[in-house]
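This is what each chain is made of:
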Amino acid sequence: EAQVTQNPRYLITVTGKKLTVTCSQNMNHEYMSWYRQDPGLGLRQIYYSMNVEVTDKGDVPEGYKVSRKEKRNFPLILESPSPNQTSLYFCASSRTSGGGTDTQYFGPGTRLTVL
Amino acid sequence: AQSVTQPDIHITVSEGASLELRCNYSYGATPYLFWYVQSPGQGLQLLLKYFSGDTLVQGIKGFEAEFKRSQSSFNLRKPSVHWSDAAEYFCAVGVRSGNQFYFGTGTSLTVIP
């Protein structure tokens, strides 16, 4: 089954404790992206990747890191999480990159709480 | 900067009634336009998209949307709403010259029997 998976689905952590949220897709998609969803703000793009070893900042990259060492994986790293990073996070992928030409497929989301 | 506006935070309709969700965008050229639906506790699912050509596009679940260049709008419509349509709806813009996406703040739809 074609899908985007995220782990963990739920995470409660404390300020300053490094964490990684994994994202994996099995569709051989080039483009992958991370979003955070906050009430009243919709989804905002954190980082995106057009292919292996090619990443770029979205609208709200501060406090986050990403890497794309393999085509299927795009982990989101919070080196020193803070309470303002409490949010619902979505990973997405699409077949090709470039101007939003392709449908994005979304993972189920990761609800992160930073105390 | 690009922006997407969904002016209705929450809409309530009766089952069987028609529905229109509004979306306006700000962008210098014609963007790629999308509508996504998010059911409670779920990820986002694409309803429909517009890239070029016919300005009235059909999507899944009986939804359609019309691109109006003069109004910078891409409103979503459904002639008869079902209780299962209760969800949050997001309009999104893909920038042709880049690789970023911009989402609206969403419209929450409640369907009453």
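Along every chain, residues carry numbers that run from 1 in the direction the sequence is written. Here the convention is simple: chains get letters from A, ligands get numbers from 1, in the order in which they are written. pLDDT decides what is reported in this predicted model: residues at 70 or higher carry local features, side-chain atom pairs at 80 or more are listed and counted, and totals for whole chains, interfaces and linings draw on all residues regardless. Calculation of side-chain values draws on the structure's entire complement of heavy atoms; hydrogens and water are dropped beforehand.

Caption draft 1: Broad picture of the sheet that holds strand β7 (residues 65-66) of chain A. Residues and elements named next belong to chain A. Strands pair, by our definition, only if DSSP identifies at least two bridges between them. Starting at the N terminus, helices and strands are each numbered in turn, a helix being any DSSP run of H or I of at least four residues and a strand any DSSP run of E of at least two. Strand order across the open sheet formed by four strands is β1-β3-β8-β7, with antiparallel pairing between neighbours. Edge strands, defined here as strands with exactly one partner in the open sheet, are β1 (4-7) and β7. Across three bridges, the pairing between strand β3 (residues 19-25) and strand β8 (residues 76-78) is antiparallel. Across the sheet, leucine 19 pairs through a bridge with leucine 78, a residue of β8.

Caption draft 2: Focus on the state of the cysteines. All names here are of chain B. In this description, the term disulfide denotes a pair of cysteine sulfurs within 2.5 Å. Scanning the model with the defined rule gives two disulfides over all chains in all. Disulfide pairing places cysteine 23 opposite cysteine 91 at an S-S distance of 2.0 Å. Because the torsion about its S-S bond is -65°, the bridge between cysteine 23 and cysteine 91 counts as left-handed. Here cysteine 91 lies in strand β10 (residues 87-94) and cysteine 23 lies in the loop between β3 (19-21) and β4 (24-26), a separation of 68 residues in the sequence. Exposure categories follow from relative accessible area, calculated using a 1.4 Å probe and restricted to protein chains: below 20% of the type maximum is buried, above 50% is exposed, and the middle band is partly exposed. On the accessibility criterion, cysteine 23 (0% relative accessible area) is buried.

Caption draft 3: Structural detail: the interface of chain B and chain A. Contact with chain B, which involves 23 residues of that partner, is made by 27 residues of chain A. A 1.4 Å probe defines the accessible area here, and the buried area is the portion of it lost by two parts on being joined, summed over both. Roughly 1800 Å² of surface becomes buried between chain B and chain A when both sides are summed, with 52% attributable to carbon and sulfur atoms. When the buried area of chain B at its contact with chain A is split by residue, Asn99, Phe101 and Phe103 of chain B rank highest and sum to 35% of it. In what follows, salt bridge is the name for a side-chain nitrogen of Lys or Arg lying within 4 Å of a carboxyl oxygen of Asp or Glu. At the surface where chain B touches chain A, the tally comes to zero salt bridges. By the criterion applied in these results, polar contacts are pairs of N or O atoms within 3.5 Å in which, for protein atoms, one can donate a hydrogen and the other can accept it, and in which residues neighboring in sequence qualify only through two side-chain atoms. Remark: the boundary between chain B and chain A carries four residue pairs in polar contact (both at pLDDT 80 or more). Of all the elements in the fold, those that place two or more residues in the side of chain B that touches chain A are β5 (32-38), β6 (44-50), β10 and β11 (101-103) of chain B. Whether two residues are in contact is decided by their heavy atoms: any pair within 4.5 Å suffices.

Caption draft 4: Here's a closer look at a nonpolar patch on the surface. Residues and elements named next belong to chain A. On the surface, a nonpolar cluster with roughly 320 Å² of combined accessible area is contributed by Ile12, Val14 and Leu115. Along the polypeptide, isoleucine 12 turns up in strand β2 (residues 10-13). By relative accessible area, which is 64% here, isoleucine 12 ends up exposed. Exposure above 30% relative accessible area and the absence of a salt bridge qualify a residue for a patch, where like charges join within 9 Å and nonpolar side chains (Val, Leu, Ile, Met, Phe, Trp, Tyr) within 5 Å. Accessible areas in this description were obtained via Shrake-Rupley with a 1.4 Å probe; residue shielding takes into account the shown protein chains only.

Caption draft 5: Up close: the side chain of aspartate 8 of chain B. All names here are of chain B. Note on placement: aspartate 8 falls in the loop between β1 (3-5) and β2 (10-14). At 2.9 Å, the side chain of aspartate 8 forms a polar contact with the side chain of arginine 22. Apart from the residues within four sequence positions on either side, aspartate 8 is in contact with Arg22, Gly106 and Thr107.

Caption draft 6: Layout of the packing of aromatic side chains. A pair of aromatic rings is counted whenever rings of Phe, Tyr or Trp (Trp by its six-membered ring) have centres within 6.5 Å, and the orientation is called stacked for planes under 30 degrees apart, edge-to-face for over 60 and tilted otherwise. The tally for this structure, following the rule as stated, stands at 17 aromatic pairs over all chains. Aromatic pair tyrosine 31 of chain A and phenylalanine 101 of chain B: ring centres 6.1 Å apart, planes at 65°, arrangement edge-to-face. Residue tyrosine 31 of chain A is located in strand β4 (residues 31-38), and its partner phenylalanine 101 of chain B is located in strand β11; the two belong to separate chains. Overall, the relative accessible area of 2% leaves tyrosine 31 of chain A in the buried class. With a centroid separation of 5.7 Å and an interplanar angle of 55°, the aromatic rings of phenylalanine 34 of chain B and phenylalanine 101 of chain B are classed as tilted. In this pair, phenylalanine 34 of chain B sits in strand β5 while phenylalanine 101 of chain B sits in strand β11, placing the two residues 67 residues apart along the sequence. Since its relative accessible area comes to 0%, phenylalanine 34 of chain B is described here as buried. Taking relative accessible area as the criterion, phenylalanine 101 of chain B reaches 3% and is therefore assigned buried.

Caption draft 7: Structural detail: the nonpolar core. Counting 29 residues, the largest nonpolar core has Leu19, Trp35, Leu47, Leu48, Phe74, Leu76 and Tyr89 of chain B as its most contacted members. Looking at this core, the elements that each hand over two or more residues are β2, β3, β5, β6, β8 (64-68), β9 (73-78), β10 and β12 (107-112) of chain B. The biggest single contributor to this core is β10 of chain B, with four residues. Filtering out sequence-adjacent residues up to four positions away, leucine 19 of chain B remains in contact with Ile11, Val13, Phe63, Leu76, Arg77, Lys78, Val81 and Leu109 of chain B. Counting residues in hydrophobic clusters, the runner-up holds 19 residues, among them Val21, Tyr64, Phe74 and Val114 of chain A. As used in this record, nonpolar core signifies buried Ala, Val, Leu, Ile, Met, Phe, Trp, Tyr and Cys residues forming a set joined through side-chain atoms within 4.5 Å.

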